[in-house]
Amino acid sequence: MNDQELMENMLMLEKGVCDLYLHGTIEASSGDVRSRFSSALNSSLSMQDQIYSKMSEKGWYQTDCAEQQKISELKQQFS
């Protein structure tokens, strides 16, 4: 496994953790539990952002810019 593959795996795992913490926050039975899940979610989101930023910096995670025409079409569709 090379560095890019390791980072991709880390990013996917972190996204999965965020999903679990989100559901824990939503389904929490008390304010204390909700607060702890929410705090863990925010930490995981921060970690996910750091991994994404590092991958993007290295050119390993590139996003395409949305075309203005497609944005306008979607705006009209949902207006």
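In the block above lies the structure referred to throughout.
What you see is a predicted model, and the numbers here were worked out from it, not measured in a lab. (Residues numbered from 1 in each chain as written. Predicted model: local features only at pLDDT ≥ 70, side-chain atom pairs only at ≥ 80, totals over all residues. Heavy atoms only, no water.)

What follows covers the overall build of the protein. Along the backbone of the protein there are three helices and zero strands. N-terminal to C-terminal, the α/β element order of the protein is α-α-α. Projected onto its principal axes, the C-alpha positions of the protein cover 45 × 45 × 15 Å. With 79 residues in all, the protein has 15% of them scored as buried. Restricting the contact set of the protein to residue pairs at least 6 apart, pairs at least 24 apart contribute 59%. Summed over its atoms, the accessible surface of the protein is roughly 6,300 Å², and 52% of this surface lies on carbon and sulfur atoms. (Helix = DSSP H or I, 4+ residues; strand = E, 2+ residues; numbered from the N terminus. Buried < 20%, exposed > 50% of the residue type's maximum accessible area, 1.4 Å probe, protein only. Contact = heavy atoms within 4.5 Å. Areas by Shrake-Rupley, 256 points an atom, 1.4 Å probe, with all protein chains shown as cover.)

Our focus in this paragraph is the packing of helix α1 (residues 3–27) against helix α2 (residues 31–57). At a minimum axis separation of 9 Å, α1 and α2 run at an interaxial angle of 160°. In terms of their interaxial angle, α1 and α2 are classed as roughly antiparallel. Judged by the sense of rotation from one axis to the other, the crossing of α1 with α2 is left-handed. Considering only residue class, the contact of α1 with α2 consists of 15 nonpolar, five polar and five charged. (Axes fitted to C-alpha atoms, helices over the stretch in contact; angles between N-to-C directions. Parallel < 35°, antiparallel > 145°, perpendicular 65-115°, else oblique. Left-handed = near helix turned anticlockwise from the far one by under 90°. Nonpolar A, V, L, I, M, F, W, Y, C, P; charged D, E, K, R; others polar.)

Following the criterion strictly, the structure yields two salt bridges and no others. One salt bridge connects Arg-36 with Asp-32, and the closest N-O pair in it is separated by 3.5 Å. One end of the pair, Arg-36, and the other, Asp-32, are both in helix α2, four residues apart, so they sit about a helical turn from each other. Taking the relative accessible area as the measure of exposure, Arg-36 reaches 60% and is therefore exposed. Accessibility expressed as a relative area gives 49% for Asp-32, which makes it partly exposed. The salt bridge partner of Glu-57 is Lys-54, with a shortest N-O separation of 3.5 Å. With Glu-57 and Lys-54 both in helix α2 and three residues apart, this pair spans about one turn of that helix. (Salt bridge = Lys/Arg side-chain N within 4 Å of Asp/Glu carboxyl O.)

Here α2 contains 27 residues, and its C-alpha end-to-end distance of 38 Å stays within 8% of the 39 Å for a straight helix at 1.5 Å per residue. Along α2, the positions that sit buried rather than exposed are Leu-41, Ser-44, Gln-48, Ile-51 and Met-55. Check the buried side of α2 and you find it contacts α1. Once α2 ends, the next one or two residues include Gly-59, with phi positive near 80°. (Expected span 1.5 Å × (residues − 1).)

Relative to the helices and strands, Gln-48 is located in helix α2. Judged by its relative accessible area of 19%, Gln-48 falls in the buried class. Setting aside residues no more than four positions away along its own chain, Gln-48 makes contact with Leu-11, Glu-14, Lys-15 and Cys-18.

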